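Overview (structure and organization)
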Amino acid sequence: MKLYPLTLYRPTKRNRSRRFAPYTTDATRLLTPTCQNSQLLEDFEDHFDSLLEKIVEFEADADIGSPCSCDGGIRTTQCHDCTQYRASCTRCFVRAHQNNPFHWAQVWDSERGFFVKHDISALGGTISLGHNGADCPNPKNNILFTVVDTNGVHATRLSLCGCLESGTKIDQLMRARLFPATTVDTKTAFTFKVLKEFHLHNLESKEAAYDYLAAIRRLTDNVFTDDVPVSFSTFLFN
Ligand SMILES: [Zn+2]
Ligand SMILES: [Zn+2]
Ligand SMILES: [Zn+2]
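Residues numbered from 1 in each chain as written. Chains lettered and ligands numbered in written order. Predicted model: local features only at pLDDT ≥ 70, side-chain atom pairs only at ≥ 80, totals over all residues.

**What to know about the overall build of the chain**
Summing up its helical and strand segments, the chain has 8 helices and 8 strands in all. Sequence-distant contacts, at least 24 apart, represent 45% of the contacts inside the chain between residues at least 6 apart. (Helix = DSSP H or I, 4+ residues; strand = E, 2+ residues; numbered from the N terminus. Contact = placed C-beta atoms within 7 Å.)

**Description of the pairing of strand β8 (residues 188–191)**
Note that strand β5 (residues 139–149) and β8 share 3 bridges and pair parallel. Looking at the pairing, V147 lines up with A189 of β8. When strand β7 (residues 178–180) meets β8, the two strands line up antiparallel, connected through 3 bridges. Bridge pairing in β8 places F179 opposite F190. (Pairing = 2+ DSSP bridges.)

**Some words on the sheet that holds strand β3 (residues 114–118)**
Spatial ordering of the open sheet is given by β1-β2-β3, a layout of 3 strands whose pairing is antiparallel. With partners counted over all chains shown, the strands left at the sheet margins are β1 (77–78) and β3, one partner each. Examined bridge by bridge, strand β2 (residues 105–109) and β3 share 5 bridges and lie antiparallel to one another. Residue pairing across strands places D109 opposite F114, the latter belonging to β3.

**Structural notes on the confidence of the model for the chain**
This prediction gives the chain a mean pLDDT of 87; 84% of its residues lie at or above 70. Confidence scores differ between elements of the chain, with helix α8 (residues 232–237) showing the lowest mean pLDDT of 61 and β1 the highest of 98. For residues 1–8, every residue scores under 50 in pLDDT, and the model assigns this stretch 3 contacts once sequence neighbours within four places are set aside. (pLDDT = per-residue confidence, 0-100.)

**Some remarks on the environment of N132**
Within the secondary structure layout, N132 lies in the loop between β4 (127–128) and β5. Linking N132 and Q98, residues 34 residues apart in sequence, is a C-alpha distance of 8.8 Å.

**Considerations on the environment of V116**
Secondary-structure assignment places V116 in strand β3. A C-alpha to C-alpha distance of 9.9 Å links V116 and Q78, two positions 38 residues apart in sequence. Beyond its immediate stretch of four places on either side in the chain, V116 contacts V107 and D109.

As structure tokens, then:
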């Protein structure tokens, strides 16, 4: 079947029944009311132990401690936000996440024996504005900045572009799809993704901004949640 680019595809009365055609048949079957939950559970029962085993395996990584592919470091860092990321040294992690700077770095703590979550800035990474994620040849300054994304609240570092016609801080933030929380001396921004996600949650389930933000804070730190600094009033306003 011919697949249409999303922007060109306009469901009409005639083609409406084919809207879900690109999805697999089992995915569409699971949406139908005839699909029995009890049968689904029974199918899963034989796999419970092995599924649990695989989930527990994520708590460690056999590659940790081995030499990184760059030959310049040891594999210490994993990314659970990427799909199938291979543990790397911190430098390779930063390089690989130039365009995904809000993925949490899971750094192995060899003394305590588990991964500890860090923002990319803790590994020396900085979000450079103005050059599609690449370093600016004329960086203006490097500031501590708070970014709220769908996976939590990031205390990160941001570098503004100092090139000609780079625009104001707000211009640069907006081009990077970061919505400023304030317009004066901005130090916090929301990703467009988090604003859109909240908008849809609110539309579909009437989820309040306060509750949505509470979940975002838990995603950041599920134990010391009160220590996660995020301004409820600015989120509500945006
Ligand atoms: Zn990642
Ligand atoms: Zn490396
Ligand atoms: Zn620049």
